[in-house]
Amino acid sequence: MSSHLAHLWRRYTAKPRRGEIWLEHFCVTGFLLAALGLFLVGLGNLPLSDGEAVLAQMASEIYESSSDLKSWIFPTFWGEPTFNCPLLVCNLIALTYTFFGISEYTTRLPGALFSAVSVLLLYKIGREIFIARLPALFSAAIYLTFLPIVRLGRLATFDGGLLCLEILTIWAILRSRRDLRWTSVAGIALGATALSSGIDSLRLLAVILIFLSWDTPRLLSSLYFWNGIVVGVAPALLWYVVQWYSHDATTVVDIWHLLLETIKAIDVNKDLQLFNSVLIWLQYLFPWSIVIFTGLQLVRANLLWSWSKLITVWAGISLLSVLLVTDSRYWYILPLCPALALAGGIKLEQIRSLPSFIDFPRWLSFSFVIMAGAIAVTGLYCKLFARLDLYLAILCIALTITLVAALVSIIRREVQFISLLFWGFYVSLFIFVSSPYWMWERSSFEPLKPLANLIQQTVPETKIVYTSETNNNSALSFYSQHQIIYLNVSQLKQYWTESSSAYLLLNNEAVRKLDLSAKEINAFPTVEDTWVLAVKNTKNK
């Protein structure tokens, strides 16, 4: 009879245990490499959008005055203090500028890295609540191939960091049910979330408290738990208080603005083409919509389990917060994505575990037939009628092949259809992010960089440029390093008449309405016969 040496202070390590550890390392490493490939490729191949340029401008001002500690704690926007400042994200972008310089790639890099790490953390949450590896793998894979996560996680906004910190907080809370030391990690992550978005930290706190009161109420009565939360959140609370006093905020409304005002007021071009609008709405749940809906039904039928309670609370409060926002934007669905991915993951695991004598659900094959047909028709339309770039046609072909291959596997009752879906969607997303179409939020000024170069070469550094363009002008302001401010036609006319030195960026319609004569103009350069930079001729005054 063989015997093994047992150590009092060391866990017994047999071959199955070693194999388990190596398999876990392999899964984590594989997800990390896959996420980095998807989030970092082609990151700097497009100019910054108006929303991204807001953070880039604040980060560049921190970078330019990096020796001043106050600039890191209280970022400014064009030299003016601002309440709507995601402190953590601005500082990380400024730190990236310090090491790698200012560019589109370095501006988007911190958010993209946060988004990549969030994939691993969601896998860890799956391992914590499902215990089994397969549903955790499926959940992380759905999250990785979720179009809103990939596309918006690559942008230079605080969404990627916010999702990563939120998932880290939930994971730490789950771990703290067995080890109270993790409450400190949860508190620090919650405090970092507050430094990125005050209102989202309140939503996350509600998720934590409601879930624990339902699943592990004993934790709420633990002094150690509250110590960890309070110590972690204290720096964020201190920053809000100091900012409140430094900006002379004296009313309750000002405090409310400190919590609510974030860069979520980013404007998207309202004149999007129909094709782009359809893409925006389809990105919400495609291509996992049917799996997610049936997964939520499975969640509702298993409310006795911790995983079901977590998904219900997380998705419910996130959905409620989206519905309460009066000016809901399409990216507000992002807080829902982790919970929906977990629901889809447990449903895929249930389908895979069906006995071999039971056919897969019919709705599964029907949904793939409909999606494959819709994508094929879309690809033909893009190529034959819309005359769009070859990238979109290749993307549609890749998606159609993926769905058809998965459909054949489902009909033949092969569980490999899940691997085919993940691999095909990953390759399709890789093609998508490598193309110039992965970001359709653009600056209202096109072409952006020629206009910025024209302003830099013509307008003195301290001068403000006024424009007739009503939309957000942040991207052009950032690239030209001049403030671009909107005025209506009457205000532009008054400013032009009263000012001894004026710089106006006008479209053709505004030029006709202002009726500027050639004698009044010192320089009248145009860009692609669309935009005109009118410079006041002070010598003829």
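About the criteria used
Residues numbered from 1 in each chain as written. Predicted model: local features only at pLDDT ≥ 70, side-chain atom pairs only at ≥ 80, totals over all residues. Heavy atoms only, no water. Helix = DSSP H or I, 4+ residues; strand = E, 2+ residues; numbered from the N terminus. Buried < 20%, exposed > 50% of the residue type's maximum accessible area, 1.4 Å probe, protein only. Contact = heavy atoms within 4.5 Å. Areas by Shrake-Rupley, 256 points an atom, 1.4 Å probe, with all protein chains shown as cover. pLDDT = per-residue confidence, 0-100. Axes fitted to C-alpha atoms, helices over the stretch in contact; angles between N-to-C directions. Parallel < 35°, antiparallel > 145°, perpendicular 65-115°, else oblique. Nonpolar A, V, L, I, M, F, W, Y, C, P; charged D, E, K, R; others polar. Core = buried A, V, L, I, M, F, W, Y, C linked by side-chain atoms within 4.5 Å. Expected span 1.5 Å × (residues − 1). Pairing = 2+ DSSP bridges. Salt bridge = Lys/Arg side-chain N within 4 Å of Asp/Glu carboxyl O.

## Overview of the overall build of the chain
Regarding its fold elements, the chain presents 24 helices and eight strands. Looking at the chain as a whole, 52% of its 541 residues qualify as buried. For the chain, contacts bridging at least 24 residues in sequence account for 74% of all contacts bridging at least 6. Roughly 26,000 Å² of accessible area belongs to the chain as shown, and the carbon and sulfur atoms make up 64% of that amount.

## A few points about the confidence of the model for the chain
Averaged over all residues, the pLDDT of the chain is 81; the fraction at 70 or higher stands at 81%. The low-confidence segment residues 1–15 (pLDDT under 50) makes four contacts with residues lying over four places distant or belonging to another chain.

## Structural notes on the packing of helix 15 (residues 289–300) against helix 17 (residues 337–352)
Where helix 15 contacts helix 17, the two axes come as close as 7 Å, and the packing angle between them is 85 degrees. The orientation of helix 15 with respect to helix 17, classified from their angle, is roughly perpendicular. Counting all contacts with helix 15, which are made through Val291, Ile292, Thr294, Gly295, Leu296, Leu298 and Val299, the residues of helix 17 involved are Leu340, Ala343, Gly344, Ile346, Lys347, Leu348 and Gln350. The residue makeup of the contact of helix 15 with helix 17, split by class, is nine nonpolar, four polar and one charged.

## Looking at the nonpolar core
Grouped together as the largest cluster of nonpolar side chains are 103 residues, with contacts concentrated most on Phe31, Ile125, Leu144, Ile170, Trp288, Trp314 and Phe417. It is helix 5 (residues 104–130) that contributes the most residues to this core, ten residues altogether. Membership of the second largest hydrophobic core comes to 34 residues, among which are Ala56, Trp72, Cys90 and Phe478.

## Quick notes on helix 17
Between its terminal C-alpha atoms helix 17 stretches 22 Å, which fits the 22 Å expected from 16 residues at 1.5 Å a residue. Counting buried residues along helix 17, 13 of its 16 residues qualify, which places the element largely inside the surrounding structure.

## Things to note about the packing of helix 9 (residues 182–196) against helix 10 (residues 198–215)
Packing of helix 9 against helix 10 leaves a shortest axis separation of 6 Å and a crossing angle of 145 degrees. Across from Leu190, Thr193, Ala194 and Ser196 in helix 9, the residues of helix 10 making contact are Gly198, Asp200, Ser201, Leu204 and Leu205. Considering only residue class, the contact of helix 9 with helix 10 consists of four nonpolar, four polar and one charged.

## Focus: the side chain of Thr107
Positionally, Thr107 belongs in helix 5. We classify Thr107 as buried; its relative accessible area is 1%. In contact with Thr107, other than residues within four places in its own chain, are Leu48, Ala56, Ile93, Tyr97 and Ala156.

## Notes on the environment of Ala94
Along the chain, the position of Ala94 falls in helix 4 (residues 87–100). Under the relative-accessibility criterion, Ala94 is labelled buried at 0%. Each C-alpha atom, one on Ala94 and one on Pro110, is 9.9 Å from the other, the two residues being 16 residues apart in sequence. Sequence-distant contacts of Ala94, that is, excluding residues within four places in its chain, are made with Ala59, Ile62, Tyr63 and Trp72.

## Describing the pairing of strand 5 (residues 503–507)
In terms of burial, strand 5 is largely enclosed, as four of its five residues are buried. Sheet topology places strand 3 (residues 465–467) next to strand 5; two bridges connect them, and they run parallel. The partner of Thr467 across the bridge, within strand 5, is Leu505. Sheet topology places strand 5 next to strand 8 (residues 531–536); five bridges connect them, and they run antiparallel. Its bridge partner being in strand 8, Leu505 is matched across the sheet by Leu533.

## A word on the pattern of salt bridges
By the definition in use, this model includes 13 salt bridges. Put simply, Arg133 and Glu24 hold a salt bridge, and the shortest N to O gap is 2.9 Å. Remark: Glu24 occurs in helix 1 (residues 15–40) and Arg133 occurs in helix 6 (residues 133–144); sequence separation between them is 109 residues. Its relative accessible area of 14% is what places Arg133 among the buried residues. The salt bridge partner of Lys449 is Glu104, with a shortest N-O separation of 2.9 Å.

## Topic: the side chain of Lys309
Its place among the elements puts Lys309 in helix 16 (residues 306–324). Residue class for Lys309 comes out buried when judged on its relative accessible area of 11%. The contact partners of Lys309, leaving out residues within four places of it in the chain, are Phe211, Trp214, Asp215, Leu303 and Leu304.

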